[in-house]
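Summary of structural features
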Amino acid sequence: MHMRPIKHYSFLLFVFLVLFASCQKKVIGWGVLLWAIGDPAIPSGTVLPVQVRSNIEQAWITGIPDAYKTGDRDLVMVPLPHLEFFSSKGGAERFASAFAEYAVSYAETIQDGLPIRDKPENSAKRTYRLKEGEIIKILAKTEGVAAVSTTGVPLEGNWFKVLTHGGSTGYCFSYRLRIFEHTTGPLGDAPVQADTSDDRELELVLSRTWYPESYGKMISSGRLDLDALSRNHYFTAGIATGRAIIHLEKDAVFLYRKINKTGNRSWNFDGTTLNVRLQSESALEIEWENDNKAKQTAVFVTLPASVENIVSQEKERRQNKIQALYNQGPRYVSANYGTFSVTAAGNFNWDEINSLPEEILSDTVLGNGSIDMDYGLSGEMAERYTGALALRPNTVSGSRTALVFAYTLDNQGLRMEYIPSIYAPDRSINRRSSSPFVIYFSPAN
């Protein structure tokens, strides 16, 4: 988060500008500091007298208010994007008053690749992609289009107008941001003491992003809950920033400057309640205290890819299965059970649905709706069938919201076997019904 190093010629230019400004003592305008200065320590939101604008250095030369002066220094260089310029002091003060609510508000991104957009909506053009752990400045909260997850679930949070340290501005949704307050001093510049040269196991802990054990179990079983995965829960040690984060339903953040070894494959993050123990190269036990001082323990694991990639691949896999149904059909007919039609978008229409047995239909109204491939097959079922599909109706009466079928798709057509809910716990089909109900569909000519 340091300002870029000043080369020799730039340093001489800065000295010249300082001497020139000191001699002139002429104020060309006033500015409101958007990003706190570390040396001297001046908080964001401060009104500063502007004496020079340097287009070569892309910086303002401003005076230092008496309250923040250290030694004989009277001037400071501020990067152009870090200051809002006004021709009058009154204009700067009015802006500072409106800015006061978020003057000391910053945010740390907890997701690699989080976008900043040119409008406060998910579909707007991306102007910047944040790195995990990157610090940005909150400028204002703004109204925008509600954000949703990759599965269409509304996300909690707000749209904010933000500024990056490098000067990019735009809008970012707060669901993947950790918002905090910072008044003075550098942001994330103090080094963390963690010698990993002779501790390969600590290096493993610090270098990886760790995910809830439930994610690993989902992936190993092949039954992925995209809603759960899209929350992107994780633990990261934050060695670059000195901020360890446990991102669950409620975030826990631990500020530290040192990591202490407490035993065999175990460490404490100095000054915090955070303790970790490496169970294996792919499993990490984490212990901490929540806001109520209650002890929490959880196991986190490594994943074969990022959550975003896993979700993307799973969505593609499901779409490919629907596409196969569409390509083989898209209309299938049964002499007894009507016509079953599939669209490339994953919707269905089933004529004569009411010809199904009453115990299957129950109180579900199911003429048309969507096809979801969110059920998995295990054991013998995985060997017997191509996959499983859930038919979710557009109109539902009662508690039943879907009919689930294991299916086989081949050159002869579509074979669908009804699966009662008791044989599909946690969306995993583990056995057939004792009296299976099977429908044979042929591709319509």
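Summary of the structure given here. The model shown is predicted, which means the values in this text are computed figures rather than measured ones.

**Some remarks on the overall build of the chain**
- In terms of regular secondary structure, the chain is built from eight helices and 31 strands.
- Across the chain, contacts joining residues at least 24 apart in sequence account for 53% of those joining residues at least 6 apart.
- For the chain, the exposed surface amounts to about 22,500 Å²; the carbon and sulfur share of it is 47%.

**What about the nonpolar core?**
- Phe340, Trp350 and Met416 are the most contacted members of the largest nonpolar core, which has 26 residues in total.
- Those residues in contact with Phe340, other than ones at most four positions away along the chain, are Pro330, Arg331, Tyr332, Phe348, Asn349, Trp350, Ile371, Leu391, Leu414, Met416 and Phe441.

**Topic: the sheet that holds strand E13 (residues 211-212)**
- With respect to topology, six strands assemble into an open sheet ordered E13-E21-E20-E19-E18-E17, the strand pairing being antiparallel. Two strands in the sheet have a free side with no partner beyond their single neighbour: E13 and strand E17 (259-263).
- On top of the sheet, helix H3 (residues 200-207) reaches E17, strand E18 (266-269), strand E19 (275-280) and strand E20 (283-289); it is set at about 110° to E19, its chief contact.

**Focus: the sheet that holds strand E16 (residues 252-255)**
- Overall, antiparallel pairing links the three strands, which are arranged E14-E15-E16 in an open sheet. Each edge of the sheet is formed by a strand with only one pairing partner; in this case those strands are strand E14 (234-236) and E16. Each neighbouring strand pair of the sheet contributes to a mean axis angle of 10°, computed without reference to strand direction.
- Pairing of E14 with strand E15 (residues 243-247), which is carried by three bridges, proceeds in the antiparallel orientation. Note that in E15 the partner of Phe235 across the bridge is Ile246.

**Some details on unusual backbone geometry**
- Looking along the chain, the bond that leaves Asp39 and enters Pro40 is cis, with omega of -5°.
- For Pro40, the position within the fold is in the loop between strand E1 (29-33) and strand E2 (47-54).
- With an omega of 0°, the peptide bond between Gly329 and Pro330 qualifies as cis.
- Inspection of the secondary structure puts Pro330 in the loop between helix H6 (307-328) and strand E22 (331-334).
- A positive phi angle, near 55°, is found at Asn232, a position not held by glycine.
- Here Asn232 shows up in the loop between helix H5 (226-230) and E14.

**Here's the deal with the environment of Leu248**
- Mapped onto the elements, Leu248 comes out in the loop between E15 and E16.
- Put simply, Leu248 and Arg231 are 17 residues apart on the chain and 8.3 Å apart in space, counted from C-alpha to C-alpha.
- Leave out the neighbours within four places in its chain, and Leu248 touches Pro212, His233, Trp288 and Phe300.

**So, the packing of aromatic side chains**
- The full count for this structure, using the stated rule, is 17 aromatic pairs.
- Both rings, one in Phe86 and one in Phe95, keep their centres 5.4 Å apart while their planes meet at 45°; by these two values the pair is tilted.
- With a relative accessible area of 19%, Phe86 lands in the buried category.
- With relative accessibility at 26%, the residue Phe95 sits in the partly exposed group.
- Ring geometry for Phe95 and Phe99: centres 5.8 Å apart, planes at 25°, overall stacked. Taken together, the residues span about one helical turn, with Phe95 and Phe99 both in helix H2 (residues 89-99) at a distance of four residues.
- When its relative accessible area of 4% is taken as the criterion, Phe99 is described as buried.

**Focus on the pattern of salt bridges**
- All told, the structure shown has 19 salt bridges when counted by the stated rule.
- Of the charged contacts in the structure, one is a salt bridge between Glu249 and Arg231, with a shortest N-O distance of 4.0 Å. Placement of the pair is Glu249 in the loop between E15 and E16 and Arg231 in the loop between H5 and E14, with a sequence separation of 18 residues.
- Between Glu285 and Arg277 there is a salt bridge; the shortest N-O distance is 2.7 Å.
- Given a relative accessible area of 37%, Arg277 falls into the partly exposed group.
- Look at the salt bridges and you will find they share partners, linking Asp372, Asp374, Arg392 and Arg427 into a network.

**Focus on the pairing of strand E6 (residues 105-109)**
- Most of E6 sits inside the fold, with five of its five residues counted as buried.
- Here E6 runs beside strand E12 (residues 177-181); their pairing, made up of five bridges, is antiparallel. Within E12, the position partnered with Thr109 by the bridge is Leu177.
- In the sheet, E6 pairs with strand E9 (residues 135-142) via three bridges, with the strands oriented antiparallel.

**A short note on the side chain of Thr236**
- When you line up the elements, Thr236 lands in strand E14.
- The buried category is assigned to Thr236, whose relative accessible area is 13%.
- In this structure, Thr236 is in contact with Glu132, Arg243, Ala244 and Ile245, ignoring residues within four places of it in sequence.

**As for H6**
- Under the 1.5 Å per step criterion, the end-to-end length of H6 is 32 Å for 22 residues, consistent within 8% with the ideal 32 Å.
- By the burial criterion, the buried members of H6 are Val307, Ile310, Val311, Glu314, Arg318, Ile322 and Leu325. The buried side chains of H6 occupy one side of the element, clustering within an arc of 110° when seen end-on. Pointing more than 90 degrees away from the buried face of H6 are the exposed residues Gln313 and Asn327.

**Examining the environment of Arg53**
- Tracing the chain through its elements places Arg53 in strand E2.
- Assessed through its relative accessible area of 46%, Arg53 is described here as partly exposed.
- When the C-alpha positions of Arg53 and Val78 are compared, they lie 9.6 Å apart, and in sequence the two are 25 residues distant.
- Within the structure, Arg53 has its side chain in polar contact with the side chain of Asn55 (distance 2.8 Å).

The rules behind the values
- Residues numbered from 1 in each chain as written.
- Predicted model: local features only at pLDDT ≥ 70, side-chain atom pairs only at ≥ 80, totals over all residues.
- Heavy atoms only, no water.
- Helix = DSSP H or I, 4+ residues; strand = E, 2+ residues; numbered from the N terminus.
- Contact = heavy atoms within 4.5 Å.
- Areas by Shrake-Rupley, 256 points an atom, 1.4 Å probe, with all protein chains shown as cover.
- Core = buried A, V, L, I, M, F, W, Y, C linked by side-chain atoms within 4.5 Å.
- Buried < 20%, exposed > 50% of the residue type's maximum accessible area, 1.4 Å probe, protein only.
- Pairing = 2+ DSSP bridges.
- Axes fitted to C-alpha atoms, helices over the stretch in contact; angles between N-to-C directions.
- Phe/Tyr/Trp six-rings, centres within 6.5 Å; stacked < 30°, edge-to-face > 60°.
- Salt bridge = Lys/Arg side-chain N within 4 Å of Asp/Glu carboxyl O.
- Expected span 1.5 Å × (residues − 1).
- Arc of directions from axis to C-beta.
- Polar contact = N/O pair within 3.5 Å; in protein donor to acceptor, adjacent residues only side chain to side chain.

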